[in-house]
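A structural walkthrough
Next come the chains, spelled out residue by residue.
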Amino acid sequence: LRDGLGLRFAERANPDPRKRPVREVVGVDPALNQRWSARRAAVFARHGELAADFQAAHGRPPTPVESLKLAQQATLETREAKHEPRTLTEQRQTWQAQAVEELGGRKNVAAMISRALSPKVAPGPTVDSAWVADASGRVLEAMEARRSTWQTWHVRAEALRQVRGAEVPTGQVERVVDLIVGEVLDARSVSLARPEPDIIEPELLRRADGSSVYTVAGAELFTSARVLQAEQHLVTMAGLRDGHAVAESAVDMALLESAANGITLNAGQAAMVRTMATSGARLQLAIAPAGAGKTTAMRALAGAWTEGGGTVVGLAPSAAAAAALREQIGASTDTLAKLTWSLGQGDLPGWAQQIGPSSLVVIDEAGMADTLSLDAAVEFVVGRGGSVRLIGDD
């Protein structure tokens, strides 16, 4: 499209901040995107209604698997009857009429097409050795921010995202991508492969790149020194037992209060609350399947901790999850990203400034948090004398 028609693409912010930006053709009116995405908008709106109904019925937001099922239900419920078959000419006539209606006339449509075919955009960065080094660093940061281990396919996809915004001739894209992938995997990542000592396959059992035919191509896992260091630090923090501990009587009182409010915890939930409140652990993790009542138990934990003279703060990966956690524990909540961003900027929100030796920070959906952010949050809280409880599922 770029070589043949002169089109250019630019990133447009995604309405969902957790998702990547969308690349769109420069010069195309956003109104047309919205007009021709009406189906998606209807599905999205219906999905929101179903998710709200689920929250009201179950007292918690849907899990990712449940949310996918709700999206499938919304897709089916909003599906319209198919129109009669059309020829390509008829279909293009329909699109033309819709564009004229949306943009207010044929002249406006023609002007938009002209802008798209001859866009005025600033040239991208020049690709040289310094740019490749910078791009490799950005690719590694993207890997660390989204996963604890990665494969060559993950790195290649991110390298393509970096290269497509630069001034690279179409025929050279693969070569530049290969350079970045090699730099990230060979020089900036740590291989997690387990070598088999004293086993050397003959030439007939090796691929063109020298790898053994008994290995799955592209399946090797990598991580980084920063991720390994953060994981080790988290394990060290989990071994500390010098934090604030709540008396058994405060836990008993919180469990009684929960039962009096119509929420009787089962044996597993009660044991989790008691252990997390009285252990004195600086960092502790609770794992249970989705729907097992982890967040409900956190309300009792927050009650026990407060009864014992402490304060509670909640963190979650997204604003929606933070709002749901706030309803459950009745305490101040925010996103994990807000804390890590504030730490980097040196501008802590009020609730973070008040964290001290008697503070408990509950991080919900901890499995969705990247390792580096989790480590930064735990380091901050424990450094101020507080304790952290991670809640999540596999």
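Residues numbered from 1 in each chain as written. Predicted model: local features only at pLDDT ≥ 70, side-chain atom pairs only at ≥ 80, totals over all residues. Heavy atoms only, no water.

1. Section: the pattern of salt bridges
Per the counting criterion, the structure on display carries 16 salt bridges. Residues Glu-158 and Arg-20 are paired through a salt bridge, measuring 3.0 Å at the closest nitrogen-oxygen approach. Here the residue Glu-158 occupies a position in helix 8 (residues 152-163), and Arg-20 occupies one in the loop between strand 1 (9-12) and strand 2 (22-25), the gap between them amounting to 138 residues. Taking relative accessible area as the criterion, Glu-158 reaches 6% and is therefore assigned buried. For Arg-46, the salt bridge identified is with Glu-49, shortest N-O distance 2.8 Å. Placement of the pair is Arg-46 and Glu-49 together in helix 3 (residues 38-58), with a separation of 3 residues, close to one helical turn. We classify Arg-46 as partly exposed; its relative accessible area is 23%. Residues joined by salt bridges that share partners form a network here, namely Arg-20, Glu-158 and Arg-161. (Salt bridge = Lys/Arg side-chain N within 4 Å of Asp/Glu carboxyl O. Helix = DSSP H or I, 4+ residues; strand = E, 2+ residues; numbered from the N terminus. Buried < 20%, exposed > 50% of the residue type's maximum accessible area, 1.4 Å probe, protein only.)

2. Observations concerning helix 13 (residues 294-307)
Taking 1.5 Å of rise per residue, the 14 residues of helix 13 would be expected to cover 20 Å, and the 20 Å separating its terminal C-alpha atoms lies within 8% of that figure. By the burial criterion, the buried members of helix 13 are Lys-294, Ala-297, Met-298, Ala-300, Leu-301, Ala-302, Ala-304 and Trp-305. Positive backbone phi, at 95 degrees, marks Gly-309, one or two positions downstream of helix 13. (Expected span 1.5 Å × (residues − 1).)

3. Let's talk about the sheet that holds strand 9 (residues 387-392)
Here we have 5 strands laid out as an open sheet, ordered 5-9-8-6-7, and parallel in their pairing. Strands at the two margins of the open sheet, each flanked by one partner only, are strand 5 (283-287) and strand 7 (332-335). On average, each strand axis in the sheet is tilted by 20 degrees relative to the strand beside it, whichever way the strands run. Sheet analysis places strand 5 next to strand 9, joined by 5 bridges and oriented parallel. Paired with Gln-284 across the strands is Arg-389, a residue of strand 9. Of the strands in this sheet, strand 5, strand 8 (359-363) and strand 9 touch helix 17 (residues 371-383), which is tilted by about 150 degrees from strand 9. (Pairing = 2+ DSSP bridges. Axes fitted to C-alpha atoms, helices over the stretch in contact; angles between N-to-C directions. Contact = heavy atoms within 4.5 Å.)

4. A look at unusual backbone geometry
A positive phi angle is found at Glu-365, which is not glycine, with a value near 50 degrees. Position of Glu-365 relative to the elements: it lies in the loop between strand 8 and helix 17. Residue Glu-365 is classed as partly exposed on the basis of its relative accessible area, which comes to 31%.

5. Some thoughts on the nonpolar core
Val-273, Met-298 and Val-312 are the most contacted members of the largest nonpolar core, which has 26 residues in total. Residue assignment for this core shows that the elements contributing at least two residues are helix 11 (248-260), helix 12 (267-278), helix 13, helix 14 (319-329) and strand 8. The biggest single contributor to this core is helix 13, with 7 residues. For Met-298, the residues in contact, after removing those within four places along its chain, are Met-272, Met-276, Ile-329, Val-362 and Ile-391. Core analysis: the second largest hydrophobic core is formed by 22 residues, Leu-234, Leu-283, Ile-363 and Val-382 among them. (Core = buried A, V, L, I, M, F, W, Y, C linked by side-chain atoms within 4.5 Å.)

6. Description of the packing of helix 11 against helix 12
At their nearest, the axes of helix 11 and helix 12 sit 10 Å apart, and the two run at 145 degrees to each other. Crossing geometry of helix 11 relative to helix 12 is assigned as right-handed. Across from Glu-248, Val-251, Asp-252 and Leu-255 in helix 11, the residues of helix 12 making contact are Ala-270, Val-273, Arg-274, Ala-277 and Thr-278. (Left-handed = near helix turned anticlockwise from the far one by under 90°.)

7. Quick look at the packing of helix 12 against helix 13
Running from N to C, helix 12 and helix 13 point in directions that differ by 40 degrees, and their axes come no closer than 9 Å. It follows that helix 12 is oblique to helix 13 by the angle criterion. By crossing handedness, the relation of helix 12 to helix 13 is classed as right-handed. Of the residues in helix 13, those in contact with Gln-269, Met-272, Val-273, Met-276 and Ala-277 of helix 12 are Lys-294, Thr-296, Ala-297, Met-298, Ala-300, Leu-301, Ala-304 and Trp-305. By residue class, the composition of the contact of helix 12 with helix 13 is 10 nonpolar, 2 polar and 1 charged. (Parallel < 35°, antiparallel > 145°, perpendicular 65-115°, else oblique. Nonpolar A, V, L, I, M, F, W, Y, C, P; charged D, E, K, R; others polar.)

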